Amino acid sequence: MEAQDRRLVEQAFSSGMISALCATSTLAMGVNLPAHQVVIKGTSMWRGAGIGRVEIDPGTLLQMMGRAGRPGFDTSGRVVI
């Protein structure tokens, strides 16, 4: 995603114009937005025909989960896997 597009999405989400975002794990790492709830569809991802499905690194999962209930933005947060 281009930087200008990312800023536009971040601003629209922060202002409430967009109430939900769906993202790949790669995009989730690049978007810096607090959220009340984060839903993670699964803990594995497809890496190609030669590799197949692999578990998402625990650090990456923690980064995605850390978007929920950020201090200064919300009093609580929820993660659903």
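Residues numbered from 1 in each chain as written. Predicted model: local features only at pLDDT ≥ 70, side-chain atom pairs only at ≥ 80, totals over all residues. Heavy atoms only, no water.

Comments concerning helix α1 (residues 3-15)
Link 1 in the chain: End to end, α1 covers 18 Å across 13 residues, agreeing with the expected 18 Å (1.5 Å per residue, within 8%).
Link 2 in the chain: Here α1 has its buried residues at Glu 10, Ala 12 and Phe 13. Along the axis of α1, the buried residues cluster in a sector spanning 165°; they form a single face. For α1, the exposed residues set more than 90 degrees away from the buried face come down to Gln 4, Leu 8, Gln 11 and Ser 14.
Link 3 in the chain: Phi turns positive one or two residues past the end of α1, at Gly 16, with a value near 95°. (Helix = DSSP H or I, 4+ residues; strand = E, 2+ residues; numbered from the N terminus. Expected span 1.5 Å × (residues − 1). Buried < 20%, exposed > 50% of the residue type's maximum accessible area, 1.4 Å probe, protein only. Arc of directions from axis to C-beta.)

Description of the pattern of salt bridges
Link 1 in the chain: Applying the stated rule across the entire model yields one salt bridge.
Link 2 in the chain: Note that Glu 10 and Arg 6 form a salt bridge whose closest N and O atoms lie 3.7 Å from each other. Linking Glu 10 with Arg 6, this pair stays in helix α1, spanning four residues, or about one helical turn. (Salt bridge = Lys/Arg side-chain N within 4 Å of Asp/Glu carboxyl O.)

Examining the environment of Met 1
Link 1 in the chain: Among the secondary structure elements, Met 1 is positioned in the segment before α1.
Link 2 in the chain: Given a relative accessible area of 60%, Met 1 falls into the exposed group.
Link 3 in the chain: Remark: the alpha-carbon pair of Met 1 and Val 31, spanning 30 residues in sequence, is separated by 9.9 Å.

Let's talk about the environment of Phe 13
Link 1 in the chain: Of note, Phe 13 is situated in helix α1.
Link 2 in the chain: Residue Phe 13 is classed as buried on the basis of its relative accessible area, which comes to 18%.
Link 3 in the chain: Not counting the four nearest positions on each side in its chain, Phe 13 is found in contact with Ile 18, Ser 19, Ala 20, Leu 21, Leu 33, Pro 34 and Ala 35. (Contact = heavy atoms within 4.5 Å.)

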